[in-house]
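Structure at a glance
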Amino acid sequence: MNEIRNPMLVVIGASAGGMDALKKLVAQLPADFPAPVFIVNHMSADNTGEALLRVLNNSSNLTCIHATDELVFKSGYIYLAPPDHHMLVVKTNILVTKGARENRSRPAIDPLFRSAAVAYGNRVIGIILTGYLDDGTSGMVAIKRCGGVCIAQDPADASYPDMPQSVINNVGADHCLPITQMGALLSELVSRELPENKPAPDDLMIEAGIAQRVVSDLPAVEALGEQAPYNCPDCGGVLWQMAEGDIQRYRCHTGHAFTALVLLAQQTVKIEETLWVALRMFEERQNLMVTMSKNQNTRAPSIFSRRAKDSQVHIERIRAMLKASDEASNTPE
């Protein structure tokens, strides 16, 4: 395939259950599909991504490769975000960055969607597939604001319906359908005649720029919203609250970004980590005081014995909080 100067772009986001969903989707695309396809599938930093790459190449008529920095993209290819890196679209090139995590993820869906919307406006087709929580919702807002098309997997068809359901609830999907019907729809959408693009809104351009620079940018974040009375759970920095319709989002000046739902989930994780540290320290302190109370050379051993018993009260309280947290996380909503 030749390089394309003014293409349509297809950007796809998936998380839990993504491998099977992506396999079914790419299998429907013909060898002459005239648009490059970009995929972010959440994965851990130590995942090589080779398993998904192999599955997509075995399933698709297109060539699937891991994106590399400054690569010029072409039609006929599927570009998969590499592990522990964000994938962005700028003009005719791909940027692969080690920027701050968004919604606890790297690669994250929102930075790809946002960058594509800023660069290609109404020529972007965004697709959200199966996954937990709501990564991709903010990015889909950007695509819609720039005139692009929003496609959400039918939640009833998704292994994990949170992500497509969030897009439907907060953005409003132009198309909501099962994966088996997406191939025909995409072939139809990429062949449309479209009007000229309009410049992207300033706030989207600022956020896309933050993702590209991979540096602290306090003035840029201050232009996006107001300081919130919360700290970033990833770096401890101040958070700014941004408004996108009914969606509450937060960003710190180092680049971490969260929806309200993800911020709450990450705060819960940090609270549990803190409780486990506190439990360990109380138990170590109690063990030391018990040892000292048994040492005949220790002055006033009864004091240490009493303090060791007092520590048990705090230990039991922390254990109760951890148990309550575990029971809450296992209770279906």
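Shown above is the structure to which this text applies.
The following paragraphs examine the structure supplied in this document. Here the structure is a predicted model, which is why all the values come from computation and not from measurement.

**Digging into the packing of aromatic side chains**
- Scanning the model with the defined rule gives 6 aromatic pairs in all.
- Measuring from ring centre to ring centre gives 6.1 Å for Phe73 and Tyr120, while their planes differ by 65°; the resulting arrangement is edge-to-face. Of this pair, Phe73 sits in the loop between strand S3 (63-66) and strand S4 (77-80) while Tyr120 sits in helix H3 (residues 109-120), placing them 47 residues apart in sequence.
- Judged by its relative accessible area of 6%, Tyr120 falls in the buried class.
- Summarising the aromatic geometry, the rings of Tyr77 and Tyr79 are spaced 5.9 Å apart at their centres and angled 20° between planes, so their arrangement reads as stacked.
- Overall, the relative accessible area of 2% leaves Tyr79 in the buried class.
- Every member of this aromatic cluster is reached through a ring pair, and the members are Phe38, Phe73, Tyr77, Tyr79 and Tyr120.

**Thoughts on the side chain of His42**
- Among the structural elements, His42 can be located in the loop between strand S2 (37-41) and helix H2 (50-59).
- A distance of 2.9 Å separates the side chain of His42 from the side chain of Ser15, its partner in a polar contact.
- Side chain to side chain, His42 and Asp135 meet in a polar contact 2.6 Å long.
- Beyond its immediate stretch of four places on either side in the chain, His42 contacts Ala14, Ser15, Ser105, Pro107, Ala108, Ile109 and Asp135.

**Considering the pairing of strand S6 (residues 93-97)**
- Of all the 5 residues making up S6, 5 are buried; the element is thus mostly covered by neighbouring parts of the structure.
- Burial along S6 is two-sided: the face carrying Asn93, Leu95 and Thr97 and the face carrying Ile94 and Val96 are both buried.
- Relative to S6, strand S5 (residues 86-90) runs antiparallel, the two being bridged by 5 bridges. Of the residues in S6, the one forming a bridge with His86 is Thr97.

**Describing the sheet that holds strand S7 (residues 124-128)**
- Taken together, 7 strands build an open sheet; the order of strands is S3-S4-S2-S1-S7-S8-S9 and the sheet is parallel. What marks the edges here is a single partner per strand, and that holds for S3 and strand S9 (175-177). Across this sheet, the average inter-strand angle for adjacent strands is 20°, counted without regard to direction.
- The pairing of strand S8 (residues 149-153) with S9 spans 3 bridges and is parallel. Its bridge partner being in S9, Ile151 is matched across the sheet by His175.
- The strands touched by helix H1 (residues 18-26) within the sheet are strand S1 (9-14), S2, S4 and S7, with S2 carrying the most contacts at an inclination of about 165°.

Each value, and the rule that gives it
Residues numbered from 1 in each chain as written. Predicted model: local features only at pLDDT ≥ 70, side-chain atom pairs only at ≥ 80, totals over all residues. Heavy atoms only, no water. Phe/Tyr/Trp six-rings, centres within 6.5 Å; stacked < 30°, edge-to-face > 60°. Helix = DSSP H or I, 4+ residues; strand = E, 2+ residues; numbered from the N terminus. Buried < 20%, exposed > 50% of the residue type's maximum accessible area, 1.4 Å probe, protein only. Polar contact = N/O pair within 3.5 Å; in protein donor to acceptor, adjacent residues only side chain to side chain. Contact = heavy atoms within 4.5 Å. Pairing = 2+ DSSP bridges. Axes fitted to C-alpha atoms, helices over the stretch in contact; angles between N-to-C directions.

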